[in-house]
Amino acid sequence: MFMHNKRLQYTVRVEKGDPILATLMLEQFGGPQGELAAAMRYFTQALAEDDAGRKDMLYDIATEELSHLEIIGSIIAMLNKGAKGELAEGVDEMAEMRVLTGNSTSQTEAILYGNGPALVNSSGVPWTAAYIDSIGDPTADLRSNIAAESRAKLVYERLINVTDDPGIKDALTFLMTREVAHQKSFEKALYAITPNFPPGKLPGDPAFTDVYFDMSQGVGDELGPWNSGEMWERVEDRDAQAAVDGGDGSASVGVTKKQQATLDKLAARTLSDPSADPITGADLGAGPGAGATSGKKL
Ligand code: MN
Ligand code: MN
């Protein structure tokens with residue numbers, strides 16, 4: 001069950017209203033790297049988790065992320081507070097509307113959401129469950145969680161840089177720092193599983209686990225531990241990069257006699273004649289800029 005405590009996890013002090021700054025803060029409210037996405041990611045993983053330690057951690061962090069959602073949502077609400085009253089009461093209409101329409105998301109915030117924190121990103125795109133990429137395997141999900149915490153940390157870093165308000169900077173620095181702490185927990189939880197690579201149960205085919213295909217060739221080819229050295233069999237030869245199974249590199253499928261007969265009919269009906277050079281609509285209607293066409297040399 002959830003229980004709500006009326007004290008925020010971190011005190012929110014906003015110096016003055018700023019509806020446009022509020023729209024930027026929406027990125028961490030209803031955006032892909034935001035707190036709702038984080039909370040739902042870990043909450044749904046916790047529900048399905050059978051390992052006692054990971055389940056406990058995921059519930060703890062999911063609940064903390066909801067508390068972060070409350071903090072960033074409170075920042076947005078405070079930044080919009082003045083504009084909300086003025087909008088609702090129609091005070092000083094023209095001057096205020098100019099502020100409100102300073103960018104399109106702040107306009108949507110005002111007109112559609114009445115300056116309440118909406119579950120949208122800073123461009124007004126509605127939150128979606130598609131932001132969450134859990135796959136139901138702890139080694140894959142923990143890696144994704146680590147990356148999600150990294151991304152959330154970076155978005156906070158950028159948000160800290162768009163405001164001079166010391167109270168907002170302070171609260172955002174707390175939120176940013178908690179993503180650092182969460183990343184450490186997920187790293188520990190990942191490495192508490194041994195082995196943790198590769199993910200899942202099936203082993204990779206040893207014929208291909210240590211091969212590096214140098215598929216992009218030309219100026220700019222670089223060597224490093226990721227593509228060469230003791231652990232890699234580096235394949236640069238173009239022929240050796242194709243049909244690596246030793247087959248002919250074609251695609252085939254078994255079909256019934258009846259299916260083959262209809263496929264043959266289709267092929268016969270749509271057969272192209274390489275000797276034909278028909279006059280087409282492009283030839284007939286050609287004018288300046290058409291380039292070469294049948295019967296008309298430039
Ligand atoms: Mn968070
Ligand atoms: Mn986090």
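Up top you'll find the structure we're talking about.
Reading the values: rules and limits
Residues numbered from 1 in each chain as written. Chains lettered and ligands numbered in written order. Predicted model: local features only at pLDDT ≥ 70, side-chain atom pairs only at ≥ 80, totals over all residues. Heavy atoms only, no water. Donors = N, O, S within 2.8 Å, 3.2 Å for Na, K, Ca; no water. Helix = DSSP H or I, 4+ residues; strand = E, 2+ residues; numbered from the N terminus. Buried < 20%, exposed > 50% of the residue type's maximum accessible area, 1.4 Å probe, protein only. 1 Å grid on protein atoms, 1.4 Å probe; cavity = no way out; pocket = protein on both sides within 12 Å on 5 of 7 lines; lining within 4 Å. Points joined across faces, edges and corners; volume = space filled by probe spheres on them. Nonpolar A, V, L, I, M, F, W, Y, C, P; charged D, E, K, R; others polar.

Peer 1: Help me understand the coordination of the manganese ion (ligand 2), please; the structure alone is not making it clear to me.
Peer 2: In a perfect tetrahedron of four donors around a metal, the angles come out at 109.5 degrees. In a perfect octahedron of six, they are 90 or 180 degrees. Those protein atoms acting as donors to the manganese ion (ligand 2) are Glu65 (OE), Glu149 (OE), Glu149 (OE), Glu179 (OE) and His182 (ND1), and they sit at 2.0 to 2.4 Å. When the donor residues of the manganese ion (ligand 2) are listed from N- to C-terminus, their spacing reads E-x83-E-x29-E-x2-H. In this structure, the manganese ion (ligand 2) lies 3.6 Å from the manganese ion (ligand 1), and both are coordinated by Glu65. Of this pair, Glu65 sits in helix α4 (residues 52-89) while Glu179 is found in helix α8 (residues 166-191), placing the two residues 114 residues apart along the sequence. One exposure class covers both Glu65 and Glu179, and it is buried.

Peer 1: Sorry, what's going on with the layout of surface pockets here?
Peer 2: Approximately 250 Å³ is the volume found for the largest pocket. Taken together, Phe2, Met3, His4, Asn5, Arg7, Leu8, Gln9, Thr63, Glu64, Leu66, Ser67 and Glu70 make up the full set of residues lining the largest pocket. A breakdown of the residues in the lining of the largest pocket according to their chemical character gives 4 nonpolar, 5 polar and 3 charged. As a volume, the second largest pocket reaches approximately 160 Å³. Lining the second largest pocket we find 14 residues, and of these Gln45, Glu49, Gly136, Pro138 and Asp141 sit closest to its centre. When contributions to the lining of the second largest pocket are tallied by element, the ones reaching two or more residues are α3 (35-48), α4 and α7 (138-160). Along the lines of polarity and charge, the residues of the lining of the second largest pocket split into 4 nonpolar, 5 polar and 5 charged.

By themselves these figures say nothing about function.
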